[in-house]
Amino acid sequence: MQPLAERLRPKTLDDYIGQKHLVGEKAILRQMIESGHIASFILWGPPGVGKTTLAKIIANKLDRPFYTLSAVSSGVKDVREVIEKAKSNRFFSQGGNPILFIDEIHRFSKSQQDSLLGAVENGTVTLIGATTENPSFEVITPLLSRCQVYVLKPLDDKDLMDLANRAIATDIELKDRTFVFDETEALMRFAGGDARKLLNIIELVFNSDPSDTVHFTNEIVTERLQQNPMAYDKDGEMHYDIISAFIKSIRGSEPDAAIYWLARMVAGGEDPKFIARRLVMSAAEDIGLANPNALLLANNCFDALHKIGWPEGRIILAQTTIYLASSPKSNSAYLAIEKALALVERTGNLPVPLHLRNSPTKLMKNLNYGKNYKYAHDYPNNFVELQFLPDELMQERIWKVQENPTEKKLGEWLRMLWKGRF
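Described in the following lines is the structure provided in the data block. Just so it is clear, the model here is predicted, and its values are computed rather than measured.

Rules and cut-offs
- Residues numbered from 1 in each chain as written.
- Predicted model: local features only at pLDDT ≥ 70, side-chain atom pairs only at ≥ 80, totals over all residues.
- Heavy atoms only, no water.
- Helix = DSSP H or I, 4+ residues; strand = E, 2+ residues; numbered from the N terminus.
- Polar contact = N/O pair within 3.5 Å; in protein donor to acceptor, adjacent residues only side chain to side chain.
- Phe/Tyr/Trp six-rings, centres within 6.5 Å; stacked < 30°, edge-to-face > 60°.
- Buried < 20%, exposed > 50% of the residue type's maximum accessible area, 1.4 Å probe, protein only.
- Core = buried A, V, L, I, M, F, W, Y, C linked by side-chain atoms within 4.5 Å.
- Contact = heavy atoms within 4.5 Å.

Looking at the secondary structure, you find Arg64 in the loop between α4 (51-62) and β2 (66-70). Within the structure, Arg64 has its side chain in polar contact with the backbone oxygen of Gly36 (distance 3.3 Å). A distance of 3.0 Å separates the side chain of Arg64 from the backbone oxygen of Asn97, its partner in a polar contact.

Enumeration according to the criterion identifies seven aromatic pairs in this entry. Ring centres of Phe66 and Phe101 lie 6.3 Å apart, and the angle between their planes is 15 degrees; on these two criteria the pair is classed as stacked. Of the two residues, Phe66 is situated in strand β2 and Phe101 in strand β3 (residues 99-103); the sequence distance between them amounts to 35 residues. Looking at Phe66, the relative accessible area reads 25%, which means it is partly exposed. Seen in terms of ring centroids, Tyr260 and Trp261 are 4.8 Å apart; in terms of plane orientation they differ by 70 degrees. Their pairing is edge-to-face. Joined through ring pairs, the aromatic side chains of Phe179, Phe181, Phe206 and Phe216 make up one cluster.

A separate point is the nonpolar core. The biggest cluster of nonpolar side chains holds 53 residues, and the ones touching the most others in it are Leu29, Ile58, Ile128, Phe179 and Leu198. Ranked by residues supplied to this core, first place goes to helix α12 (residues 195-208) with eight residues. For Leu198, the residues in contact, after removing those within four places along its chain, are Leu160, Leu163, Ala164, Leu187, Met188 and Ala191. In terms of nonpolar packing, the next biggest core, distinct from the first, is built from 26 residues, Ile243, Ala258, Met265 and Leu317 among them.

Below you can see the structure in the form of structure tokens.
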């Protein structure tokens, strides 16, 4: 049997819960749908707020050919094939242009998005895109200029309880049992404005309780979710637990564990850019100066994801993950900036030594700004000993060399220049 969330997917706008600003009485999308004339648009909102459902309701209401592509598994070839089908069906459709719905359109690469332009421009298809990411950053400008963007909001607690009550009253599996919502705080918190998540939790508690009366308390909901981590998806607590395990595995130089947690995130539909951002941070915080190339590779990984798209991007994430996990580690840069910030907090705005100050005016020069500054490149080894810290901090050591080959080499060079200071 289908999951509860799929069984309960509404078929009409009257059954649709939430997004009153778009589909309520006299709202823009409702007026557009009821008039029978819709233009291409993009639905932007978090998971589980009804983007796919709304697209299907529109297609059913207007009785048009409806094509669906997922940016996770479709390429340029798939886009072109659908456009060719739409061209054929267009001549047999009396109600208007075929509708092409693209889920997670933000995961389409530039070339994939480019392949849509002509069909959208000439009306071969009416495009409805769905995205959880800001279209301003994730959708190419030419395509964005051809589409209106509508923002969907997370469902509020009232919407979620209306959905829960509808589920237990109408679903063929649930309606023969009694449901008692003794407490709803945990249910609302874990659902987080996501209708699909709410229904998954209700179904999970229902399936784990054989009694005639199914009780919902904060303790029961929390316990069931902890026992069934796969029931929880990328925006809940498991999201934070898995990314934590992922980063700690990289920090702990365990590539097998790191790649496993990466696979868990990929399989769970985690945003690839979120993973890539964390890899960049790990390269700086946990590997740092022990291997400066790690940050270059992680940054290139982030850029490559934009160029290549999904699902091929998972290979780029895997390569970067294995490299970072296998790399020597150092957090000396992280510790240095933390210590420097603590110094600033403790000592306040200490004056810049006069010889380091900028002196663009005659007055400043008369006040000895920049006086006795020595230009390092005029001296052997491009170095001359000079005071660079405020007087009060001259005895402070902020960056400390750690025990790895790269930093040891840097430390030896600095000790040679500064006569043992480092």
